[in-house]
Amino acid sequence: MSIEIRTPDDPGEWNDLIDRTADATPFHRLAALEVFAAHTGTSLHPLVGYKGQEPVGLLPVFEFRKGPLTAAFSPPPGRKISYLGPVFLAAPNAKQRKRERTHRRFVESALAHVDETIGPRYVNVRTPPSYDDPRPFLWDGFDPTPRYTYHVDLARDPETILAAASSDLRSNVRKTSADDFEIKSGGRDGMRRVIRDARERHAEQDVAYGVSPDFVDDLAGAIPEQIESHVCTVDGEFVGGTVVLVDEDAVYRWQSVVDFEAPVPAQDLLDWHVIERGIEQDRERYDLVGANDPRLCEYKAKFAPDVATYYELERSGVGMDLVAEAYRRLR
């Protein structure tokens, strides 16, 4: 049976389906996708595949047009969205052969729909870490690049996690007096402060940073239950903060900034606060969102995390090499 690709008539249908998949991230929710489109000058195509009347998969696609260039992205570039891509509705009793056939046909049908309705000369998809079989994209002419993130297993007590961590993290957590700092929810003001300071830090280093306070504020309005900020203060003064995403299973370390000259190790304390909070809320993992930069890995590896793989999948026409390179710089 062929798979038909449609966009939902009822906006609520997309989120109902997202709630049924184990693969989705908070950024897969429709309101977040609409914010991405509004802030990137793209058009959103929320694609759902149906086998008969049964939905089998979802793929949010962003159409970008500028002059003669037409491209399709999932996620769109320039907003520090590490992964998006396809998610699937599980058929727990299906045998592997049937699951693979449905998976392949959904990807084929979704890409054919993209080609027919958008006609992109360049396509870029970055999958969530739960997506472990990119072969249907490869069979459709995509070039794969494995990419990596770190997961801290939260199905353990804090002392077990801390015992496996680096000695400097253990020392910073255990020896920093609770009287010397305070960490609390920062709300939207905290989010704006984190992003504003991060933009300034990137500007000082002459590094592009496409996340803006208005963007994160719109996200907070769109998915208020799934985005949080935590701020660290010393004597009432801001010394660092983090913006995290949350869903039923995971916490995602999205954006963070600290004053490295502060009298306390603010970054370690913020990350440890998020870990303890995640354990209290029965989350399964803390996704450190990225393990591709050796400099940043040096810090993140101190939590003794597991390495998880996701995929960047590209297909481009003749002369699109410069477009592909520009996208990689923006992501």
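In this report, the structure presented in the accompanying data block is examined.

A few words now on empty space enclosed by the protein. For the structure on display, the rule yields 3 cavities of 30 Å³ or more. When its volume is computed, the largest cavity comes out at roughly 100 Å³. Along the walls of the largest cavity sit T25, P26, F27, K80, I81, S82, Y83, L245, Y252, W254 and V289, which together make up its complete lining. In the lining of the largest cavity, the residues fall into 8 nonpolar, 2 polar and 1 charged. Space inside the second largest cavity adds up to approximately 50 Å³. Along the walls of the second largest cavity sit L59, V61, A72, F73, S74, L111, V114, V123, N124 and V125, which together make up its complete lining. Broken down by secondary-structure element, the contributors of at least two residues to the lining of the second largest cavity are β3 (54-66), β4 (69-74), α3 (96-117) and β6 (122-126).

Looking at the largest pocket, its volume works out to about 1,500 Å³. Surrounding the largest pocket, 44 residues form its lining, K80, H202, R295, L296 and K300 being those nearest its centre. Mapped onto the lining of the largest pocket, the elements with two or more residues apiece are α7 (187-204), β11 (250-258), α9 (266-280), α10 (294-300) and α11 (321-330). Counting residues per element, the lining of the largest pocket draws most heavily on β11, at 6 residues. Its volume calculated, the second largest pocket comes out at about 650 Å³. Around the second largest pocket sit 23 residues that line it, and F88, L89, A90, A91 and R99 are the ones nearest its centre. Mapped by element, the contributors of at least two residues to the lining of the second largest pocket are β3 and α3. Among the elements that make up the lining of the second largest pocket, the one with the highest residue count is α3 (6 residues).

Tallying each qualifying case throughout the model produces 12 aromatic pairs. Ring centres of F27 and F36 lie 5.0 Å apart, and the angle between their planes is 85°; on these two criteria the pair is classed as edge-to-face. As far as burial versus exposure is concerned, F27 and F36 are alike and both buried. Where F36 meets F62, the ring centres are 6.3 Å apart and the plane angle is 50°; that geometry is what we call tilted.

Conventions we followed
Residues numbered from 1 in each chain as written. Predicted model: local features only at pLDDT ≥ 70, side-chain atom pairs only at ≥ 80, totals over all residues. Heavy atoms only, no water. 1 Å grid on protein atoms, 1.4 Å probe; cavity = no way out; pocket = protein on both sides within 12 Å on 5 of 7 lines; lining within 4 Å. Points joined across faces, edges and corners; volume = space filled by probe spheres on them. Nonpolar A, V, L, I, M, F, W, Y, C, P; charged D, E, K, R; others polar. Helix = DSSP H or I, 4+ residues; strand = E, 2+ residues; numbered from the N terminus. Phe/Tyr/Trp six-rings, centres within 6.5 Å; stacked < 30°, edge-to-face > 60°. Buried < 20%, exposed > 50% of the residue type's maximum accessible area, 1.4 Å probe, protein only.

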